[in-house]
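# Fold and contact review
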Amino acid sequence: MMNNPAVKLVRPADHVYGIVKRRIMLNELKPMAVLTELGLAHEIGCSQGTIREALLRLQEDGLVIRTGRRGTVVTRLEDEEAEEMLALRRRLEMRGAERATRNVDARSLDAIMAIRETMNEAAEAGDEFQLIEADKDFHLAIFRLSQLEALEQILARCIMHTHRSKLWAPRHRRPLDETARRHDVLIERLVARDGPGLAEELGLHIDTIVLEEDPAEVNT
C-alpha cells in the first residue's frame, strides 16, 4: 500500500507530550503531582523512553520539574509568577506590534487567517485546550513578523503559562466563540498595517484575558 503524503505522521513522543500537556493545562494533573515514567507508560501504552522524551520537553516548557529521587512533579504556578508573565507578555507583544505591521505580507496573513479558522473549529467543538493552543499560535505568528527572534521562546512560555493561569481562574467563563472573535480586531489592525493601533489592541486584549466578573452574575 502506498503512503498518503497528505497524512501527517505524529511522533509517539509528540503524542504523549500533547496528552500530558493537556492534562496539566486543564488542571487534571494538579501542581506537585508526581509523574512516573513507568506509570505513564502503562497508562498511555508506550515505552518509557517515549515518556522520558515527552517529559524532557515538558520540563523545557516549565510545566514539570525532574528532580532525581523525587522523580517528575508538575510545577506550581503562583499568582505572583502569573502576574509577572502576563506583564512581560504584554510588553513583548506591544513592542513587536509596529515591526510586525511593517513586515506583514499576503502569505503571513493567510497563515494567520488559517489559525483563526482553527480557533473557530475548536470553539465549535467545545475544545478549550485546542482553542488556547491555536490562540498561542496566533499570537506567536504575529510576533514572529517582528523578527525579534531571540525573544520568541520567552514569549511562547509567557503565553502558555498565562493560559494555564486563565484556565484555573474560577470566575473565568467567557464563551469559547467569544474568545475566538476577540482576535478579529487584531487582524484588522494588522491588515491596515496600523502599528500603534495593533499595539493598543494587543494591550487591551491581554489586559482582558481573564474576566473580572462572572457574566451570569452581572445585573441586567
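None of the values given here were measured: they were computed from a predicted structure. (Residues numbered from 1 in each chain as written. Predicted model: local features only at pLDDT ≥ 70, side-chain atom pairs only at ≥ 80, totals over all residues. Heavy atoms only, no water.)

### So, the sheet that holds strand S3 (residues 72–74)
Across a sheet, paired strands are connected by hydrogen bonds in the backbone, their directions being either parallel or antiparallel. The three strands lie next to each other as S1-S3-S2, forming an open sheet whose pairing is antiparallel. The open sheet terminates on both sides in strands that have one partner only, identified here as strand S1 (34–35) and strand S2 (64–66). Against the sheet, helix H3 (residues 48–61) contacts S1, S2 and S3, and its axis sits at roughly 115° relative to S2. (Pairing = 2+ DSSP bridges. Helix = DSSP H or I, 4+ residues; strand = E, 2+ residues; numbered from the N terminus. Contact = heavy atoms within 4.5 Å. Axes fitted to C-alpha atoms, helices over the stretch in contact; angles between N-to-C directions.)

### Observations regarding the pattern of salt bridges
Enumeration over the complete set of coordinates arrives at 17 salt bridges. Notably, a salt bridge pairs Asp 14 with Arg 11, separated by 3.1 Å at the nearest N-O pair. When its relative accessible area of 42% is taken as the criterion, Arg 11 is described as partly exposed. Sharing partners across several salt bridges, the network here consists of Arg 11, Asp 14, Glu 53 and Arg 57. (Salt bridge = Lys/Arg side-chain N within 4 Å of Asp/Glu carboxyl O. Buried < 20%, exposed > 50% of the residue type's maximum accessible area, 1.4 Å probe, protein only.)

### Some details on the environment of Leu 109
When you line up the elements, Leu 109 lands in helix H5 (residues 106–125). Measuring from C-alpha to C-alpha, the distance between Leu 109 and Leu 190 comes to 8.5 Å, with 81 residues separating the pair along the chain. Here Leu 109 is in contact with Val 104, Leu 190 and Val 191, once residues within four sequence places are set aside.

### Thoughts on the environment of Arg 52
Checked against the element boundaries, Arg 52 lands in helix H3. Sequence separation of Arg 52 and Ile 112 is 60 residues, and the distance between their C-alpha atoms is 33 Å. Apart from residues lying up to four places away in sequence, Arg 52 is in contact with Glu 37 and Arg 66.

### What to know about the confidence of the model for the protein chain
Residues at a pLDDT of 70 or more form 90% of the protein chain, whose mean pLDDT is 90. Overall, residues 214–220 carries pLDDT values under 50, and its contacts beyond four positions in sequence, including any with other chains, amount to three contacts. (pLDDT = per-residue confidence, 0-100.)

### As for the packing of helix H2 (residues 37–44) against H3
For the pair H2 and H3, interaxial distance at closest approach is 9 Å and the crossing angle is 110°. With respect to H3, the axis of H2 lies roughly perpendicular. Where H2 crosses over H3, the two elements pack in a sense that is right-handed. Between H2, through Glu 37, Leu 38, Leu 40, Ala 41 and Ile 44, and H3, the contact on the second element is made entirely by Gln 48, Ile 51, Arg 52 and Leu 55. When the residues that make up the contact of H2 with H3 are grouped by side-chain class, the tally is six nonpolar, one polar and two charged. (Parallel < 35°, antiparallel > 145°, perpendicular 65-115°, else oblique. Left-handed = near helix turned anticlockwise from the far one by under 90°. Nonpolar A, V, L, I, M, F, W, Y, C, P; charged D, E, K, R; others polar.)

### Things to note about the nonpolar core
Counting 23 residues, the largest nonpolar core has Ile 112, Phe 138, Ile 142, Leu 190 and Leu 198 as the members making the most contacts within it. At the level of secondary structure, the elements contributing two or more residues to this core comprise helix H4 (79–103), H5, helix H6 (128–144), helix H8 (176–181), helix H9 (184–191) and helix H10 (195–207). Core analysis: the second largest hydrophobic core is formed by 20 residues, Val 20, Leu 40, Ala 54 and Leu 167 among them. (Core = buried A, V, L, I, M, F, W, Y, C linked by side-chain atoms within 4.5 Å.)

### Focus: unusual backbone geometry
Positive phi values are uncommon outside glycine, yet Asn 27 reaches one of about 65°. As for its position among the elements, Asn 27 is in the loop between helix H1 (12–25) and S1. Here Gln 147, not a glycine, exhibits a phi torsion of approximately 65°, which is positive. Inspection of the secondary structure assignment puts Gln 147 in the loop between H6 and helix H7 (149–168).

### Looking at the side chain of His 161
Tracing the sequence through the fold places His 161 in helix H7. The class of His 161 is buried, set by a relative accessible area of 4%. Residues in contact with His 161, not counting those within four places in the same chain, are Asp 61, Gly 62, Leu 63, Leu 77 and Met 85.

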